[in-house]
Amino acid sequence: MAGKPKLHYTKGRGKMESIRWLLAAAGVEFEEEFIETKEDLEKLRNDGVLLFQQVPMVEMDGMKMVQTRAILSYIAAKYNLYGKDLKERAWIDMYVEGTTDLMGMIMYLPFQPADTKEKNLALIIERATTRYFPVYEKALKDHGQDYLVGNKLSWADVHLLEAILMAEECKPDVLSAFPLLQAFKGRISNIPTIKKFLQPGSQRKPPTDEKFVAVVRKIFNI
């Protein structure tokens with residue numbers, strides 16, 4: 001029997017967090033090997049296990065996988081979270097790219113200069129409420145199902161819930177004009193595997209704070 005996937009990354013969210021979410025939603029137990037110093041990262045690079053000298057890296061099924069999107073799509077396909085045909089897969093990809101864009105804006109916020117943070121936070125809220133969330137609200141309305149694509153849980157649903165919770169950390173009432181997304185959040189949060197991941201003590205990582213920003217800057221020399 002193959003061992004558990006092993007995730008190589010820092011102790012924070014970053015680009016690995018969506019991978020943690022998807023594995024957890026699929027009910028897959030995983031191990032983490034944290035990169036805590038510049039030397040830890042250099043060792044991985046020198047060992048030749050990072051295809052493009054970058055993390056995230058996930059050891060899974062005999063592979064040392066890199067590139068976030070490739071890792072996520074492999075997990076989604078392996079655990080039947082990637083639709084039933086090419087058309088469903090295309091919709092899942094489109095929805096995932098949208099939430100990736102929004103989460104990317106939120107992810108980089110703590111790393112931005114203090115004098116631009118307020119402006120960038122306002123932009124995140126504006127984009128979330130005028131560009132991204134209206135699309136998902138309409139998708140749920142038009143589709144008439146509990147899920148974004150087909151009638152079962154997919155990667156798109158997991159990714160959207162992650163994005164919603166990140167946006168709520170920026171502005172707690174960000175969903176106030178989106179009743180279907182509020183209901184969606186409640187439904188998806190109560191799926192047993194996801195509910196477990198949302199409990200204290202899980203492998204979900206906390207929001208990025210200044211202390212962690214300093215650690216990341218040191219490890220990656222940025």
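Residues numbered from 1 in each chain as written. Predicted model: local features only at pLDDT ≥ 70, side-chain atom pairs only at ≥ 80, totals over all residues. Heavy atoms only, no water.

- The protein chain appears in an unreviewed UniProt entry as Glutathione S-transferase from Pheucticus melanocephalus.
- The Catalytic activity (unreviewed entry) comment attached to the protein chain in UniProt states, word for word, "RX + glutathione = an S-substituted glutathione + a halide anion + H(+)".
- According to its UniProt record, the protein chain has this under Sequence similarities (unreviewed entry): "Belongs to the GST superfamily. Alpha family." (UniProt positions renumbered as here; feature names shortened; annotations may be inferred.)

## Let's talk about the UniProt feature "domain: GST C-terminal" (unreviewed entry) in the protein chain
Item 1. Sites flagged by UniProt as "domain: GST C-terminal" (unreviewed entry) map to residues 85-208.
Item 2. As annotated, residues 85-208 comprises 69% helix and 0% strand, and the C-alpha atoms at either end are separated by 37 Å. (Helix = DSSP H or I, 4+ residues; strand = E, 2+ residues; numbered from the N terminus.)

## Details of the nonpolar core
Item 1. Judged by nonpolar contacts, the single largest core of 66 residues is most densely connected at Ile19, Phe133, Leu148 and Leu181.
Item 2. The dominant element in this core, judged by the number of residues it contributes, is helix 6 (residues 155-170), at ten residues.
Item 3. Apart from the residues lying within four places of it in its own chain, the contact partners of Leu148 are Tyr95, Tyr136, Ala139, Leu140, His143, Ala156, Asp157 and Leu160. (Core = buried A, V, L, I, M, F, W, Y, C linked by side-chain atoms within 4.5 Å. Buried < 20%, exposed > 50% of the residue type's maximum accessible area, 1.4 Å probe, protein only. Contact = heavy atoms within 4.5 Å.)

## Description of the packing of helix 5 (residues 114-143) against helix 6
Two packed helices can be described by the angle between their axes and the distance between those axes.
Item 1. Remark: helix 5 packs on helix 6, axes separated minimally by 11 Å, with the N-to-C direction vectors making an angle of 145 degrees. With respect to the hand of their crossing, helix 5 and helix 6 are arranged in left-handed fashion. Across the interface between the two elements, Leu121, Ile124, Ile125, Phe133 and Tyr136 from helix 5 touch Leu160, Ala163, Ile164, Ala167 and Cys170 from helix 6. (Axes fitted to C-alpha atoms, helices over the stretch in contact; angles between N-to-C directions. Left-handed = near helix turned anticlockwise from the far one by under 90°.)

## Side note on the side chain of Arg20
Item 1. The topology assignment puts Arg20 in helix 1 (residues 17-25).
Item 2. There is a polar contact of 2.9 Å between the side chain of Arg20 and the backbone oxygen of Gly12. (Polar contact = N/O pair within 3.5 Å; in protein donor to acceptor, adjacent residues only side chain to side chain.)

## Side note on the pairing of strand 2 (residues 31-34)
Along any regular strand the residues' side chains alternate between the sheet's two faces.
Item 1. By the bridge criterion, four bridges tie strand 1 (residues 6-9) to strand 2 in an arrangement that is parallel. Paired with Leu7 across the strands is Glu32, a residue of strand 2. (Pairing = 2+ DSSP bridges.)

## So, the sheet that holds strand 2
Item 1. The strand order 2-1-3-4 describes an open sheet built from four strands, whose pairing is mixed. Each edge of the open sheet carries a strand with a single partner, namely strand 2 and strand 4 (63-66). Strand-to-strand, the axes of this sheet are offset by a mean angle of 20 degrees, without reference to chain direction.
Item 2. By the bridge criterion, four bridges tie strand 3 (residues 57-60) to strand 4 in an arrangement that is antiparallel. When the sheet's bridge partners are listed, Met57 is paired in strand 4 with Val66.
Item 3. Packing of helix 1 onto the sheet brings it into contact with strand 1, strand 2 and strand 3, and relative to strand 1 it is tilted by some 165 degrees.

## Considering the UniProt feature "domain: GST N-terminal" (unreviewed entry) in the protein chain
Item 1. Per the UniProt entry, the sites bearing "domain: GST N-terminal" (unreviewed entry) are residues 3-83 in this numbering.
Item 2. Along residues 3-83, the helical share is 36% and the strand share 20%, with 26 Å between the first and last C-alpha atoms.

## Points about unusual backbone geometry
Item 1. In this model, Val55 is joined to Pro56 through a cis peptide bond whose omega is 10 degrees.
Item 2. A positive phi angle, close to 65 degrees, is found at Gln53, a residue other than glycine.
Item 3. By secondary structure assignment, the location of Gln53 is in the loop between helix 2 (38-46) and strand 3.
Item 4. Assessed through its relative accessible area of 39%, Gln53 is described here as partly exposed.
Item 5. Of note, Asp61 is a non-glycine position whose phi angle comes to about 50 degrees, a positive value.

## As for the packing of aromatic side chains
Item 1. A full pass over the atoms with the stated rule returns five aromatic pairs.
Item 2. Ring centres of Trp91 and Tyr95 lie 5.6 Å apart, and the angle between their planes is 35 degrees; on these two criteria the pair is classed as tilted. Of the two residues, Trp91 and Tyr95 both sit in helix 4 (residues 86-108), four residues apart, roughly one turn of that helix.
Item 3. Given a relative accessible area of 45%, Trp91 falls into the partly exposed group.
Item 4. Their ring planes at 75 degrees and their centres at 6.0 Å tell us that Phe133 and Phe178 sit as a pair that is edge-to-face. Of this pair, Phe133 sits in helix 5 while Phe178 sits in the loop between helix 6 and helix 7 (179-189); the two residues are 45 residues apart in sequence, bridging distant segments of the chain.
Item 5. In this structure Phe133 comes out as buried when scored by relative accessible area, which is 0%.
Item 6. Looking at Phe178, the relative accessible area reads 7%, which means it is buried.
Item 7. Each residue in the set Trp91, Tyr95 and Tyr136 is aromatic and connected to the rest through ring pairs, giving one cluster.
Item 8. If you follow Arg89 out to its NZ or CZ, it ends over the ring of Tyr82, 4.1 Å from the centre. (Phe/Tyr/Trp six-rings, centres within 6.5 Å; stacked < 30°, edge-to-face > 60°. Lys NZ or Arg CZ within 6 Å of the ring centre and 35° of its normal.)

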